[in-house]
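Close look at the chain arrangement
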Amino acid sequence: MENKLKEFTREKLAKYNGKEGQPVYIAYDGKVYDVSESKLWKTGAHMMRHESGDDLTADIGGAPHDTEVLGKFPQVGILKPEKDPMDEHIPDLLLAVFRKIPMLRRHPHPMTVHFPIAFMMLFPVLNILYLVTGKPSFDISSFHVLVAGLVFTPVALITGPYNWWINYAGKWSKIIAVKMLGSLILITLILVIFMWKIVVPDIMLQPSGARIFYIILSLTLVPIVTVLGWFGAKMTFPH
Ligand code: HEM
Ligand code: HEM
């Protein structure tokens, strides 16, 4: 039934203050009541201190009576909940989705970043194991892990800016600058290494110059994902 009631914003409610022939409306606990018929509200103010056309939820605590007095008057609408100032930038539709599925608000990035971090740390380790043991299975696994990193890094690259926009209102900071640059370097490096491996599948068996460069490139992934994670966690857990 409440759905059919008129929805008032604070601004709209303010007009119904009993002045200039307007009815007298007051809001309590999200409900808007018409108290025009009451002698005690007919001037638009109650007991010379409570102005109508406003949300009086917080004021009734000081009254000598209960909230039951409101029951004598018809409810004419509902008061639209005020948007949290932190959520100003988020469309109402998305906020409604968050109310239904709260985890979509904060989780997407923290949940997905572990994959590129783990894969890109494992990749050089497998390369070195191949170098040390000569077992081809390490080389094959390293390629699979590289492909997994190539698939999951873009996920982190999408969820990162998403979480930044939702939870930090897209506010620029040094940490974000580091993360953006780090992410760009990360995805470029992964692509370069991937292409190299595709073009020269036995790069790990090539004369030492090219091979050493390939291994050095793969090792640089470790500090990059560490920096990305470190600075990310600094945002989530600032203290
Ligand atoms: C310090 C603050 C307040 C004082 C001293 C006060 C006092 C009173 C008194 C003496 C009455 C008549 C006796 C009664 O019905 O119990 C009354 C009625 C009423 N009050 Fe208040 N009140 C206060 C705050 C509020 C607030 C904040 C609201 C609205 C949220 C409110 C809504 C009403 C209503 C709807 C009635 C019934 C009016 C009628 O039957 O015509 N009052 N108040
Ligand atoms: C443009 C790219 C990126 C942006 C804008 C970005 C932004 C963010 C933001 C805003 C947070 C804080 C999340 C929150 O408190 O809700 C965060 C956390 C984090 N980010 Fe990123 N990020 C990006 C890329 C990445 C990448 C590529 C990785 C890893 C490979 C990564 C790893 C992390 C980690 C580990 C956290 C901490 C997660 C946790 O709370 O457990 N980020 N990032």
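All values reported here derive from a predicted model rather than from experimental measurement.

Analysis parameters
Every chain's residues receive numbers from 1 upward, in the order its sequence appears when written. By the order in which they are written, chains take letters starting at A while ligands take numbers starting at 1. Given that the model is predicted, a residue must reach a pLDDT of at least 70 before its local features are reported, and side-chain atom pairs must reach 80 or more before they are shown or counted; all residues, however, enter totals for whole chains, interfaces and linings. For each residue, a C-beta atom is positioned from the backbone; the residue is called near a molecule or strand if that atom sits within 6 Å of it. Residues are sorted three ways: Asp, Glu, Lys and Arg are charged, Ala, Val, Leu, Ile, Met, Phe, Trp, Tyr, Cys and Pro are nonpolar, and all the rest, Gly among them, are polar. In this document the domain limits rely on a domain assignment from an automatic tool or a database. When DSSP locates at least two bridges between a pair of strands, those strands are taken to pair. Labels follow the DSSP assignment, with helices taken as runs of H or I lasting at least four residues and strands as runs of E lasting at least two, numbered in each case from the N terminus. Lines fitted to C-alpha atoms define the axes, with helix axes restricted to the stretch in contact, and inter-axis angles between N-to-C directions lie between 0 and 180 degrees. Oblique is the label for any angle not covered by the other classes, which are roughly parallel (under 35 degrees), roughly antiparallel (over 145) and roughly perpendicular (65 to 115). In a left-handed crossing the near helix is turned counterclockwise from the far helix by less than a right angle, and in a right-handed crossing that turn is clockwise. What counts as a contact here is a pair of residues whose C-beta atoms, placed from the backbone, lie within 7 Å. In this scheme every C-beta is placed from the backbone, and a residue whose C-beta has 20 or more other C-beta atoms within 10 Å is buried, one with 12 or fewer is exposed, and one in between is partly exposed. To estimate how far a helix should reach, multiply one less than its number of residues by 1.5 Å.

Examining the site of ligand 1
Every one of the 20 residues lining ligand 1 counts as a neighbour, but Ser 38, Leu 56, Ala 63, His 65 and Val 69 are closest to it. Residues that form the shell around ligand 1 fall into these classes: twelve nonpolar, five polar and three charged.

Some points on the domain arrangement of the chain
According to the domain assignment, the chain contains domain 1 (2-82) and domain 2 (95-236). For domain 1 versus domain 2, the separation of C-alpha centres amounts to 56 Å.

Brief notes about the sheet that holds strand E2 (residues 25-28)
Taking strand neighbours across the sheet as the criterion, the four strands line up as E1-E6-E3-E2 in an open arrangement whose pairing is mixed. In this open sheet, the two edge strands, each paired with only one partner strand, are strand E1 (6-8) and E2. Ignoring strand direction, the axes of neighbouring strands in this sheet form an average angle of 35 degrees. Pairing geometry for E2 and strand E3 (residues 31-34), over four bridges, is antiparallel.

Some points on the pairing of E3
Two faces, one strand: in a regular strand the side chains alternate between the faces of the sheet. Connecting E2 to the next strand, E3, in antiparallel fashion are two residues, including Asp 29 with a positive phi near 50 degrees. Inspection of the sheet shows E3 paired to strand E6 (residues 75-79) by three bridges, in the antiparallel sense. Bridged to Tyr 33 within E6 is Gln 75.

Quick notes on the packing of helix H6 (residues 136-168) against helix H7 (residues 174-199)
Running from N to C, H6 and H7 point in directions that differ by 155 degrees, and their axes come no closer than 10 Å. For the element pair H6 / H7, the angle class is roughly antiparallel. In this structure, H6 crosses over H7, and the sense of that crossing is left-handed. Between H6, through Phe 143, Leu 146, Gly 149, Leu 150, Thr 153, Leu 157, Gly 160 and Trp 164, and H7, the contact on the second element is made entirely by Ile 176, Lys 179, Ser 183, Leu 186, Ile 187, Ile 190, Ile 193, Phe 194 and Lys 197. Residue composition of the contact of H6 with H7, grouped by class: eleven nonpolar, four polar and two charged.

Considering unusual backbone geometry
Look at Met 47: it is not a glycine, yet its phi comes out positive at around 55 degrees. With respect to the helices, strands and loops of the structure, Met 47 is situated in the loop between strand E4 (45-46) and strand E5 (50-51). Residue classification places Met 47 among the exposed positions, given that 9 C-beta atoms sit within 10 Å. Despite not being glycine, Ala 169 shows a phi value in the positive range, around 50 degrees. If you trace the backbone, Ala 169 turns up in the loop between H6 and H7.

Details of H7
Compared with the 38 Å implied by 1.5 Å per residue over 26 residues, the 37 Å span of H7 between its first and last C-alpha is a close match. Within the span of H7, buried status applies to Lys 179, Gly 182, Leu 186, Ile 190 and Ile 193. Against the buried residues of H7 lie H6 and helix H8 (208-236).

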